[in-house]
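An overview of the molecular structure
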Amino acid sequence: MGQSALSGAGLSVKARQLWFTHPGHVEIREQRLPPLEPGKMLVKSLCSAISAGTEMLVYRGQLPTDITLDASLTTLQQQAAYPLQYGYACVGSVEQVGAGVDAAWLNKRVFSFQPHASHFIAIADQLLALPDDIEPEAAVFLANMETAVNLVLDGRPALGEKVAVLGQGIVGLLLSSVLARFPLAQLLALDEIGKRRNYAERLGVHQAFDSKSDRQIADLKDALKLPVELSATPNSGADLIYEVSGAPEALNLAIDLCSYSGRIVIGSWYGSKSAPVQLGGVAHRHRIKFISSQVSSIAPELSGRWDKARRFQQAWQMIRRVKPQALISHRIPIDQAADIYQLLDQAPEQVLQAIFIY
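Residues numbered from 1 in each chain as written. Predicted model: local features only at pLDDT ≥ 70, side-chain atom pairs only at ≥ 80, totals over all residues. Heavy atoms only, no water.

1. Some remarks on the overall build of the protein chain
Note the following rule: Helix and strand labels come from DSSP, where a helix needs a run of H or I of at least four residues and a strand needs a run of E of at least two; each type is numbered from the N terminus. In this scheme, a residue with accessible area under 20% of its type's maximum is buried, one over 50% is exposed, and one in between is partly exposed, where area comes from a 1.4 Å probe on protein chains only. The method behind every accessible area is Shrake-Rupley, applied with a 1.4 Å probe, and residues are considered shielded solely by the protein chains displayed.
Tallying secondary structure elements over the protein chain gives eleven helices and 15 strands in all. Here the protein chain holds 358 residues, and 51% of them are scored as buried. For the protein chain, the accessible surface area stands at approximately 16,400 Å², while carbon and sulfur atoms represent 50% of it.

Structure representation (C-alpha cells):
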C-alpha cells in the first residue's frame, strides 16, 4: 500500500451505515466519510454483533429520552432521538492511518464500540487490537463477555453457593459459562426459550428451567431446598441471583427464589419498561440485597485493584475458553438488516446471536 494510504491524504470512502429511523424501521444509508485528520484511522468492518436486548429497545422505541445512549462511549453520547445509529460490538481492520499515527496500526484487526457500519473513523483510544489467537467472529463477543465478567465481579459468587441466572440470551449464556467454572453447589438457569435452555446446559449449567412454566418453577424451588438432614434451620432459595432477562417483572420471580440475606444482581437495562415489584413482603423481611451492575464503570470497592484494562484482559481469556462463536445462529449482510430486526422482534426464539458481515 502506498504512502498516500498511510497518510490518508485526500482519500475518503463511502460507508454503509445502519440507521434506526423510527420505531420498527431501519434503513441503510450511504455516507461519504471525510479524509482522515491527523491522529485518526479508517477502519473497514469485518463483522458486528446485534445486541438483541438493547437494540430491541431502540428498534421498539423503548429507550428513555432523558439520558444519553451510553455516557462512557464517545460514539453513543447522543440523546435517544430518531433517527439514530446504534451498536457497540464491531470488529474490523485498519485500512488507512492519518498523519501522526503509528504505521504499525495499518492492517491490524481491531475491536471497537461502534454502531453498525461498513467503515468508520476512530482514534487509537477507541480501538482494541485483537490478540493474535482470537478470530473476528469470536472477538465480536467482547462487549457482552466484558458485561458477563463485570456481573461476576459485582455478584461475588462464593464456594458452595446456589446461583440462578434469570435469562439466557447472549449475556445470560456467557455469564452462565463463566459461572460454570466456579465451585458452586448449584448453577441453575431460567428462560422461556427451549433452545437457550439447551445451550445453557451445554455450557455447564446444572439444570435449566422454563420461566413460563408453573410446574418447572415449582421444580426449581424444590431444587433450591437444602435437605433437612444437612441443616437445623430452613435454608431454601438461591444465595445469588442474576436478573439478565430484560424483563422488569422478572424481579418478582428473583425475589421469590432468593434466600434469606441473598443477593440479586440486576444486569438488565430495561429502558423505559417498568413493572410493579413486590418489595413489601419477603424482599424486606429476608434482608435481600439488590445490586445494580453496569459495565460502564468498575464497582468502587474493586477500583483499587481492577480497572477496565484488567477487565478486558479477563474477557479475552474467557473468550478463549468459552469459544462463543459457536452461539452465532445468523450471519447477515448489513443490507438485509430490516429482515433480521423484524425476526428478532417477532420470533426471537429463532435467533441466538445474529451478526452483520461486510
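2. Details of helix α6 (residues 194–202)
The α-helix advances 3.6 residues per turn, and as a result positions three or four apart in sequence lie on the same side. Quick note on the threshold: Throughout, the arc means that of the directions going from the helix axis to the C-beta atoms. Contacts: residue pairs with any heavy atoms within 4.5 Å of one another.
Buried within α6 we find Arg196, Arg197, Tyr199 and Ala200. Angularly, the buried residues of α6 cover 160 degrees about the axis, an arc narrow enough to put them on a single face. As for α6, its buried residues are in contact with α5 (170–179), β9 (186–190) and β10 (207–209). One or two positions beyond α6, positive phi appears at glycine 204, with a value near 120 degrees.

3. Some thoughts on empty space enclosed by the protein
The criterion, for reference: The method works on a 1 Å grid over the protein atoms by themselves. A cavity is a set of points holding a 1.4 Å probe that cannot get out, a pocket is an open set with protein on both sides within 12 Å along at least five of seven lines, and residues with an atom within 4 Å of a point line them. Grid points are joined across faces, edges and corners, and a volume is the space filled by probe spheres set on the points. Three categories are distinguished: nonpolar for Ala, Val, Leu, Ile, Met, Phe, Trp, Tyr, Cys and Pro, charged for Asp, Glu, Lys and Arg, and polar for the others, with Gly belonging to the last.
A full pass over the atoms with the stated rule returns two cavities of 30 Å³ or more. Computed from the structure, the largest cavity encloses a volume of approximately 50 Å³. Lining the largest cavity are Ala49, Ile50, Ser51, Tyr88, Ala89, Val140, Phe141, Ala143, Asn144 and Gln353. Classifying every residue of the lining of the largest cavity gives seven nonpolar, three polar and no charged.

4. Some thoughts on the packing of helix α4 (residues 142–155) against α5
Counted only if it meets this: Axis definition: a line fitted to C-alpha atoms, over the contacting stretch in the case of helices. Angles run 0 to 180 degrees between N-to-C directions. Throughout, the term roughly parallel applies to angles under 35 degrees, roughly antiparallel to angles over 145, roughly perpendicular to angles from 65 to 115, and oblique to all others. Should the near helix be turned counterclockwise from the far one by less than a right angle, the crossing is left-handed, whereas a clockwise turn marks it as right-handed.
At a minimum axis separation of 9 Å, α4 and α5 run at an interaxial angle of 55 degrees. Here α4 is positioned oblique relative to α5, judged by the angle of their axes. With respect to the hand of their crossing, α4 and α5 are arranged in right-handed fashion. In this structure, α4 uses Asn144, Met145, Thr147, Ala148, Leu151 and Val152 to contact α5, whose residues at the interface are Ile170, Val171, Leu174, Leu175, Val178 and Leu179. Across the contact of α4 with α5, the residue classes break down as ten nonpolar, two polar and no charged.

5. A closer look at the environment of alanine 254
Take alanine 254: it is sitting in helix α8 (residues 250–257). Measuring from C-alpha to C-alpha, the distance between alanine 254 and isoleucine 241 comes to 6.6 Å, with 13 residues separating the pair along the chain. Leave out the neighbours within four places in its chain, and alanine 254 touches Leu166, Ile241 and Ile264.

6. Description of the packing of aromatic side chains
Stated precisely, the cut-off is as follows: In summary, the pairing rule links any two rings of Phe, Tyr or Trp, Trp by its six-membered ring, whose centres are within 6.5 Å, and it sorts them by plane angle into stacked for under 30 degrees, edge-to-face for over 60 and tilted for everything else. Criterion for a charge above a ring: Lys NZ or Arg CZ within 6 Å of the ring centre, and within 35 degrees of the ring normal.
Tallied over the full model, the rule gives six aromatic pairs. When the ring of tyrosine 86 is compared with that of tyrosine 88, the centres are 6.1 Å apart and the planes differ by 90 degrees; the resulting orientation is edge-to-face. A single burial state applies to tyrosine 86 and to tyrosine 88, both of which are buried. For the pair phenylalanine 111 and phenylalanine 113, a centre-to-centre distance of 5.1 Å together with 85 degrees between the ring planes defines the contact as edge-to-face. Of the two residues examined, phenylalanine 111 and phenylalanine 113, each falls in the buried class. Counting every residue linked through ring pairs, the aromatic cluster contains Phe20, Tyr59, Tyr341 and Phe356. For the cation-ring pair, arginine 202 lies above tyrosine 199, with the distance from its terminal atom to the ring centre recorded as 4.5 Å. Arginine 310 extends its terminal NZ or CZ atom over the ring of tryptophan 306, reaching a point 3.8 Å from the ring centre.

7. Notes on the side chain of aspartate 191
Basically, it comes down to this: Throughout this description, a polar contact denotes any pair of N or O atoms lying within 3.5 Å of each other; where both atoms belong to protein, one of them has to be capable of donating a hydrogen while the other can accept it, and for residues adjacent in sequence the pair is counted only when both atoms sit in side chains.
Take aspartate 191: it is sitting in the loop between β9 and α6. For aspartate 191, a relative accessible area of 6% gives the class buried. Within the local environment of aspartate 191, its side chain forms a polar contact with the backbone nitrogen of isoleucine 193, the two atoms lying 2.9 Å apart. Engagement of the side chain of aspartate 191 in a polar contact is seen with the side chain of arginine 196, the distance being 3.5 Å. Excluding its chain neighbours within four sequence positions, the residues that come into contact with aspartate 191 are Gly167, Gln168, Gly169, Arg196, Arg197, Phe209, Asp210 and Ser211.

8. Concerning a nonpolar patch on the surface
Worth spelling out the cut-off: Patches in this entry comprise residues that are over 30% relatively accessible and not in a salt bridge; like charges within 9 Å are linked, as are nonpolar side chains (Val, Leu, Ile, Met, Phe, Trp, Tyr) within 5 Å. Just to be clear on terms, a salt bridge is a Lys or Arg side-chain nitrogen sitting within 4 Å of an Asp or Glu carboxyl oxygen.
The grouping of Val277, Leu279 and Phe290 at the surface amounts to a nonpolar patch, some 240 Å² of accessible area in total. Secondary-structure assignment places phenylalanine 290 in strand β13 (residues 289–292). Overall, phenylalanine 290 belongs to the partly exposed group, its relative accessible area being 36%.

9. So, α5
With respect to burial, α5 is a largely interior element, nine of its ten residues being buried. Among the residues of α5, Ile170, Gly172, Leu173, Leu174, Leu175, Ser176, Ser177, Val178 and Leu179 are the ones counted as buried.

10. Points about the confidence of the model for the protein chain
Quick note on the threshold: A score between 0 and 100, pLDDT records how confident the predictor is in each residue.
Of the residues in the protein chain, 90% reach a pLDDT of 70 or more, and the chain-wide mean stands at 91. In the predicted structure, residues 229–233 sits below a pLDDT of 50 and forms one contact with residues beyond four places in sequence or in another chain.

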